[in-house]
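Listed below are the residues making up each chain.
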Amino acid sequence: MRKLLIISTLFILYLCLINISSLNVYAINSPISHKAEIVSEKVNFNGSEVDASGYIAYTDENGNKVVLSVGDESSVTIDTNLESNDKLKAILKQINEADTLSVFNSKLDSIAQSINKEYNGSVFVPTDLFEITISNELKTLLDSNEDYYYSIKLNLELSGDDKPVVMHQNESTGEWIIVDSNDVKVEKDGVSINFDSLCPVMVLNVNEGVLNKDSGTVPLGTIIVLSFVLLMLIIYMIASFARKKMFSK
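Residues numbered from 1 in each chain as written. Predicted model: local features only at pLDDT ≥ 70, side-chain atom pairs only at ≥ 80, totals over all residues. Heavy atoms only, no water.

## Thoughts on the overall build of the chain
So, step 1. A tally of helices and strands in the chain yields 5 helices and 13 strands.
So, step 2. The buried share of the chain, reckoned over its 249 residues, is 38%.
So, step 3. In the chain, of all internal contacts separated by at least 6 residues, the share reaching a separation of at least 24 is 69%.
So, step 4. Of the roughly 15,200 Å² of accessible surface on the chain, 53% is carried by carbon and sulfur atoms. (Helix = DSSP H or I, 4+ residues; strand = E, 2+ residues; numbered from the N terminus. Buried < 20%, exposed > 50% of the residue type's maximum accessible area, 1.4 Å probe, protein only. Contact = heavy atoms within 4.5 Å. Areas by Shrake-Rupley, 256 points an atom, 1.4 Å probe, with all protein chains shown as cover.)

## Considering helix α2 (residues 86-97)
So, step 1. Compared with an ideal rise of 1.5 Å per residue, which puts 12 residues at 16 Å, α2 spans 17 Å between its outermost C-alpha atoms and is within 8% of the ideal.
So, step 2. Buried within α2 are the following residues: L88, I91 and I95. Looking straight down α2, one finds that the buried residues subtend no more than 60° of arc, so they occupy a single side. Relative to its buried face, α2 has exposed residues pointing more than 90 degrees away, namely D86 and E97.
So, step 3. Against β6 (76-79), β7 (124-134), β9 (165-169), β10 (176-178) and β13 (200-206) lie the buried residues of α2.
So, step 4. Of the residues that open α2, the one with a side-chain oxygen 3.0 Å from the backbone nitrogen of K87 is N85. (Expected span 1.5 Å × (residues − 1). Arc of directions from axis to C-beta. Polar contact = N/O pair within 3.5 Å; in protein donor to acceptor, adjacent residues only side chain to side chain.)

## Quick notes on the sheet that holds β10
So, step 1. With antiparallel pairing, the 5 strands of this open sheet are ordered in space as β6-β7-β13-β9-β10. In the strand order of this sheet, the two ends are held by β6 and β10, each with one partner. Between one strand axis and the next, the sheet turns through 30° on average, direction left out of account.
So, step 2. As judged from the 4 bridges shared by β6 and β7, these two strands associate in the antiparallel manner. Paired with V76 across the strands is I134, a residue of β7.
So, step 3. Strands β7, β9, β10 and β13 of the sheet are contacted by helix α3 (residues 107-115), whose axis makes an angle of about 125° with β7. (Pairing = 2+ DSSP bridges. Axes fitted to C-alpha atoms, helices over the stretch in contact; angles between N-to-C directions.)

## Notes on the confidence of the model for the chain
Atom-level detail of predicted coordinates should not be read off regions where pLDDT is low.
So, step 1. Taken residue by residue, the chain gives an average pLDDT of 79. The fraction at 70 or more is 71%.
So, step 2. Across the chain, the element-wise mean pLDDT spans from 54 in helix α1 (residues 2-22) up to 95 in β10.
So, step 3. Of the regions scoring below 50 in pLDDT, residues 20-27 engages in 20 contacts with residues more than four places distant in sequence or in other chains.
So, step 4. In this model residues 213-217 is a low-confidence stretch, pLDDT under 50, and it forms 9 contacts with partners more than four residues away in sequence or in other chains. (pLDDT = per-residue confidence, 0-100.)

## With respect to the packing of aromatic side chains
So, step 1. Under the criterion given, the structure shown has 2 aromatic pairs.
So, step 2. Between Y58 and Y148, the aromatic rings sit 5.7 Å apart at their centres with planes inclined by 35°, giving tilted as the arrangement. Taken as a pair, Y58 in strand β4 (residues 54-59) and Y148 in the loop between α4 (136-143) and β8 (149-155) lie far apart in primary sequence, 90 residues in all.
So, step 3. Here the aromatic rings of F104 and W176 are separated by 5.8 Å at their centres, their planes lie at 90°, and the arrangement is edge-to-face. With F104 in the loop between α2 and α3 and W176 in strand β10, this pair connects stretches of sequence that are 72 residues apart. (Phe/Tyr/Trp six-rings, centres within 6.5 Å; stacked < 30°, edge-to-face > 60°.)

## A look at the pattern of salt bridges
So, step 1. Counted by the stated rule, this structure contains 7 salt bridges.
So, step 2. A salt bridge links D86 to K89; the shortest N-O distance between them is 3.9 Å. Within this pair, D86 and its partner K89 are both found in helix α2, separated by 3 residues, close to a single helical turn.
So, step 3. Among the residues examined, D86 registers a relative accessible area of 57% and is labelled exposed.
So, step 4. Exposure remark for K89: the relative accessible area of 38% places this residue in the partly exposed category.
So, step 5. For the salt bridge of E131 with K87, the shortest nitrogen-to-oxygen distance reads 3.0 Å. Of this pair, E131 sits in strand β7 while K87 is found in helix α2, placing the two residues 44 residues apart along the sequence.
So, step 6. Within the structure, one salt-bridge network assembled from shared partners comprises K87, E131 and E171. (Salt bridge = Lys/Arg side-chain N within 4 Å of Asp/Glu carboxyl O.)

See the structure below:
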């Protein structure tokens, strides 16, 4: 009877460990798409429509967007090369070494909980990482007034139907700032984003693996305890067998 009980316990523990290994883990080291590119659009500038890859604007007292300057193709560039760009390479290293992207901004936890109260910042994965550079003329204009913002439409790799979380880094302080969700608009031909300053940009999406309600994370401590119990039972079985064999001689 005791042997049957031990064998049954071992079998149940084995099934538990198999199920644990099949659960989705909130891993943040997801592939980055490298697909961020400028989507050309037409904006109203001085009463006429012109092609623009990005522009400086502000919102007046009546809530209307006022365009101050329009950038052309030579005034804005996007660098997505994680091998040659040392700044992006350093950020990618930080991402890979972090347990959760909340280390970049703790507000990611509350944003995740607004999606699902059981989530935290570890459900987010970076799908784009790039650096936007604008001409000195546009940068001077952007920095001249705190109400001015830089608006650009990008082709981004999105997962699911949810609006992505966009963060950009303040080059002076190193702080990662979350772009207000009202300044991120998903459109048919791209994602329009308004920035109040420009530096490296990180686009986050919810890990598709956790969108399945049946999936979840299992604490590492639970895995360790179950593994330890399983190991102790195996040792006990071996010791019992050896002792029985010794006394049978």
